Amino acid sequence: MSRTPSGKITVPDELRDVLLEFTISYLLDQPPDVVEFAINFFTNMRENRRTGGRSSPDSIISDDEPEILRKEGRRKSVFAETYDPSDDSDEGQKVVHPKTDEQRKSLAESVKNILLFRSLDKEQMNEVLDAMFEKRVNKDEFVIKQGDDGDNFYVIESGEFEAYVQDDSGEPMLIHTYHGKGSFGELALLYNMPRAASIKAASQGALWAMDRITFRRIVLKSAFRKRKMYEQLIDVVPMLKTLQNYERMNLADALIPKVYQEGETIIKQGDSADGMYFVESGTVRITIIGDNNQETEIKRITKGSYFGELALVTHKPRAASAYSVGETKLAFLEVDAFERLLGPCMDIMKRNIDDYETQLVKIFGSKQNISDVR
């Protein structure tokens, strides 16, 4: 934390993002030694940044970071439910609060850029929308009080809200103001800790809320499913066998799900590269425009294959186009994460260039391009 010249405490965006990333990783792994886990986690993060850099995701502002970082050993919440995502069968646990079509559309718009939900698939996002309920507040009403047990996670629909923490003399100090958007309350629920700040309505407003049990189940279960699903996908990609276990876990966490329907364009020849793709299910058709200006299919790829990496390796535009055949599920790795996580695989990908050129000679009679598929 830092203080502005006026004495106001500010929480850096990077601190919020890093702490949230660490929290979810810790809750998923449940290590026996939190200190040792933290040392390894931040050491790996530092090494990843040294080798490739890391772009911070869109951050959210939490009411919980300042106190968590300032004070150690605080009491656990009396509502300290334990939750093991591997034991959750999903039976009889879904919560549904009815909404009008207009409310659902508005809520979807409010949550679409929240870091916690950005990797959810369509079904999981629908579960989030189902589980949230509306809460209207009046000016000067406290939504959260510092020291209380965490009950709900909140997303702002409208209105202004102020976050306060008590200074050493017990006086409330304003640390942030939300202007009609944002979310708060997540870390107290994830950690099962008391609220570390107070949130007060500075005007009339409306919030969407989700209870702590449902919040933990959705957030942790979705992260757990995503990691396990992508770990299985990584297992069937030969190139990724060179990665260490912790590198494979980092890669699984970085992958973003994407779904394409019949005939949709995934990448277009000549475009700049924004990342690479792994095929989770379905089929992808790869084509190249030859010297005769005709588009020719050169291969089809299925689960366990990948494409798009060579444009990243060679720093050239896409040398091929890719189209979905039927419904196809892909795992997308952004260019920044590619550079950060797949350094150990770079030599293998470079060696594949010669194999691609040989394929093109067989199809076109010459090495007119370097294919962008594997």
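Up top is the structure these notes are about.
Residues numbered from 1 in each chain as written. Predicted model: local features only at pLDDT ≥ 70, side-chain atom pairs only at ≥ 80, totals over all residues. Heavy atoms only, no water.

**Q** Even after reading the chapter, I still don't get the overall build of the chain, so can you show me in this structure?
**A** Of regular secondary structure, the chain possesses 11 helices and 16 strands. When contacts within the chain are restricted to residue pairs at least 6 apart in sequence, those whose partners lie at least 24 apart make up 78%. In the structure as shown, the chain presents an accessible area of about 18,500 Å², 46% of it carried by carbon and sulfur atoms. (Helix = DSSP H or I, 4+ residues; strand = E, 2+ residues; numbered from the N terminus. Contact = heavy atoms within 4.5 Å. Areas by Shrake-Rupley, 256 points an atom, 1.4 Å probe, with all protein chains shown as cover.)

**Q** I'm lost on the sheet that holds strand β5 (residues 152-158) in this one. Help?
**A** Across the sheet, four strands lie side by side as β3-β10-β5-β8; this open sheet has antiparallel pairing. Sheet topology places β3 (133-137) and β8 (183-184) at the edges, where each strand pairs with a single neighbour. (Pairing = 2+ DSSP bridges.)

**Q** Help me understand the sheet that holds strand β6 (residues 160-166) in this model?
**A** Strand pairing in a sheet relies on backbone hydrogen bonds. The paired strands run either parallel or antiparallel. Reading across the sheet, the four strands line up as β4-β9-β6-β7 and stay open at both edges, with antiparallel pairing between neighbours. Strands at the two margins of the open sheet, each flanked by one partner only, are β4 (142-144) and β7 (172-179). The sheet shows a mean angle of 30° between the axes of neighbouring strands, taken without regard to direction. Two elements, β6 and strand β9 (residues 198-201), share four bridges in a ladder whose sense is antiparallel. The residue bridging Phe-161 from the neighbouring strand is Ala-201, located in β9. (Axes fitted to C-alpha atoms, helices over the stretch in contact; angles between N-to-C directions.)

**Q** Would you explain the environment of Lys-303 in this entry?
**A** Checked against the element boundaries, Lys-303 lands in the loop between β14 (295-301) and β15 (306-307). Discounting chain neighbours no more than four positions away, the residues touching Lys-303 are Val-279, Glu-280 and Gly-282.

**Q** Can you help me understand the packing of aromatic side chains in this one?
**A** The way to describe two aromatic rings as a pair is by their centre distance and the angle between their planes. Scanning the entire structure with this criterion turns up nine aromatic pairs. Ring geometry for Tyr-277 against Phe-307: centres 5.1 Å apart, planes inclined by 10°, an arrangement best described as stacked. With Tyr-277 in strand β13 (residues 275-289) and Phe-307 in strand β15, the pair connects residues that are 30 residues apart, well separated along the chain. The two residues Tyr-277 and Phe-307 agree in class, both being buried. One aromatic cluster is present, built from ring pairs that chain together Tyr-154, Phe-161, Tyr-178 and Phe-184. When the ring centre of Phe-332 is taken as reference, the NZ or CZ atom of Lys-258 above it lies at 5.2 Å. (Phe/Tyr/Trp six-rings, centres within 6.5 Å; stacked < 30°, edge-to-face > 60°. Buried < 20%, exposed > 50% of the residue type's maximum accessible area, 1.4 Å probe, protein only. Lys NZ or Arg CZ within 6 Å of the ring centre and 35° of its normal.)

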